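# Reading the structure
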Amino acid sequence: MIIGSVRSNAAFSSGRLDAKYHCSPGVLAKERMLTLAAAGVKMRLLAGDGGLGRVGATSRTRRVYAAEGEESMPYLRPYDVFDYLPQSVDQLSKRGGVALKDLIPEVGTILQTCSGRNLGPLVCVDEYISQFVVSDDMLRLHISDETDRLYALTFLSTSTGQALLTRNKTGNVIDHLSADDLAATQVPFFEPNLVKNIADEMGKAIKIRERARLRLQQLIREFTESLPPLPSSRPRREGWTLQASSIGTRFDAAFHDPLVDQIRSNLIALGGKRVRDVASTSMLNRYKRYYVDEGHGRPIMSGRHLLQMKPVNLRYISARSLDFKEYELGVGTLVFGARGRAEGRISLPAIITEDRSNWLASHNVMRICPNTNVSSGWLYLCFSTMHVQLQVKSSAFGSVVDVVDPVSLNEVVLPPENKKKGSEAYECWTNFAEANRLEKEVIDRLDKLLLGYL
């Protein structure tokens, strides 16, 4: 049962007495804002006259994807920006007639999702994200004062802020948020010391995450550069030959690509080992889903959630669905989505740290548990290289959805172990967890303060 209080004048002014309307998150959030204003809390608009900043809505632009070898820039889709380490799946052509530099967000810009069924999440651009072209399907909120910006970001991330953002969404098929709606959102400002303290804590979380991202990016680059260069591949239109006796049980061309075979040979010559020699791999069985509200079950992640610092539309599952112990992830487990599109995000890795060790993951998730004295940070660096990614993707099979299975994964050849870089990579992931903790604490703190006014 949802219970909420409403002032009599608010009920009469709306002309509505039905509980469904007055107990909706958006209406409750608006009532909370009116109560705050009545208590003397200062309100400021996000943008516009007297507002904190301005909303720069980018107009719809034509995207021209780059051909292989063409001069290009890395492109992030809207929800890619919520990943721990956002990675470009596509490259946009610099000769496509679009000013791509205009789509590169400045550090400090708040990116707000403005369409989709999971409308609402937002993120502050750091030095790492500013390396990419970001989709025009995101609103840009520019607030020059750092304290105001970080405080506004925290408020918009609370349940009250999220409810206000989605209250006026429109769209017959896909939900939309307009630039005017974002600009008209009011932000309650409490006493200056509290505002500064909240902004400082949010800023600290963002800075920890930024440093971890930049260092992890550098580690992946250095680790990759220590390996033999990827063999040059012949144009696929020229094809290749293969003896019938070598085909075995696989008839798909990608599995027998000579480029992948050459990568394996090079890594073996370098002293590399197969996955089965350093870790155990597994994918669990399907289960009947009984989803419940937060607080009545455990969070269960999909392959996409594994990569996100704040999982979007995270679901919670009841104990009657599955054995929690069996589906728990555990500290140090390397995971990736093993079902999807081989040319997309399938096989992109993540490390499970203490903050998510008792979370669950679906049957679509591959789990790689390192053997004793094997670094999960090193495994992460391995799976972040194209040398390993090409092997994993070539092993995927399926008529509709591509699937990577443990048997094929066990035969993937990994680069030689580098414990030092592996240890540094794992430290970056623990810093991600620390940033998440600080961010959640400050958002929850402001959320409780706001909820106390209703």
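Above this text you will find the structure in question.
All figures in this text were calculated on a predicted structure; none of them were measured in a lab.

### Quick notes on helix α8 (residues 258-269)
Spanning twelve residues, α8 covers 16 Å between terminal C-alpha atoms, matching the ideal 16 Å at 1.5 Å per step. Considered for burial, the residues of α8 that qualify are Leu-259, Val-260, Ile-263, Arg-264 and Leu-267. For α8, the angular spread of buried residues about the axis comes to 140°, placing them on one side. Looking at the buried residues of α8, the elements they touch are α12 (386-395) and β21 (413-414). Where α8 begins, the side chain of Asp-257 points an oxygen toward the backbone nitrogen of Leu-259, at a separation of 2.9 Å. Backbone geometry just downstream of α8 places Gly-271 in the positive-phi region, at approximately 100°.

### Comments concerning helix α4 (residues 146-157)
With twelve residues, α4 extends 17 Å between its outermost C-alpha atoms, agreeing within 8% with the 16 Å of an ideal straight helix rising 1.5 Å per residue. Along α4, ten of the twelve residues are buried, which leaves the element largely enclosed by surrounding structure. Regarding α4, the residues found buried are Asp-148, Arg-149, Leu-150, Tyr-151, Ala-152, Leu-153, Thr-154, Phe-155, Leu-156 and Ser-157. Where α4 begins, the side chain of Asp-145 points an oxygen toward the backbone nitrogen of Thr-147, at a separation of 3.2 Å.

### Topic: the sheet that holds strand β11 (residues 279-282)
With respect to topology, four strands assemble into an open sheet ordered β11-β19-β15-β17, the strand pairing being antiparallel. A single partner strand is all that each edge strand has here, and the edge strands are β11 and β17 (349-351). Each strand axis lies, on average, 25° off the axis of its neighbour in the sheet, ignoring direction. Pairing geometry for strand β15 (residues 334-337) and β17, over three bridges, is antiparallel. Paired with Val-335 across the two strands is Ala-350, which belongs to β17. Contacting β11, β15, β17 and β19 (365-370), helix α11 (residues 376-383) crosses the sheet at an angle of about 165° to β17.

### Regarding the nonpolar core
Within the largest apolar cluster, 64 residues are counted, with the highest numbers of intra-cluster contacts made by Phe-383 and Leu-414. Going through the elements one at a time, α7 (192-225), α9 (275-278), β15, β17, β19, α11, α12 and α14 (419-451) are the ones with two or more residues in this core. In this structure, Phe-383 is in contact with Val-275, Leu-334, Phe-336, Pro-349, Ile-368, Val-388, Gln-389, Val-392, Leu-409 and Leu-414, ignoring residues within four places of it in sequence.

Quick notes on the rules
Residue numbers run consecutively from 1 along every chain, following the written order of its sequence. In view of the model being predicted, local features appear only for residues whose pLDDT reaches at least 70, and side-chain atom pairs are presented and counted only at 80 or more, with totals across whole chains, interfaces and linings using the full set of residues. As a rule here, side-chain values cover all heavy atoms of the structure and leave hydrogens and water aside. Counting from the N terminus, the helices are DSSP H or I runs at least four residues long and the strands are E runs at least two residues long. Any helix carries an expected span of 1.5 Å times its number of residues minus one. Burial classification: accessible surface area is computed with a 1.4 Å probe over protein chains only, and a residue below 20% of its type maximum counts as buried, one above 50% as exposed, and the rest as partly exposed. This arc is built from the directions going out from the helix axis to the C-beta atoms. By the convention used here, residues are in contact when the closest approach between their heavy atoms is within 4.5 Å. Contacts described as polar in this section are N or O atom pairs within 3.5 Å, which, within protein, must combine one atom able to donate a hydrogen with one able to accept it, while residues neighboring in sequence count only if both atoms come from side chains. In this description, strands pair whenever DSSP reports at least two bridges between them. Throughout, an axis means a line fitted to C-alpha atoms (over the contacting stretch in the case of helices), and angles, computed between N-to-C directions, take values from 0 to 180 degrees. What is meant by a nonpolar core is a set of buried Ala, Val, Leu, Ile, Met, Phe, Trp, Tyr and Cys residues, joined one to another through side-chain atoms within 4.5 Å.

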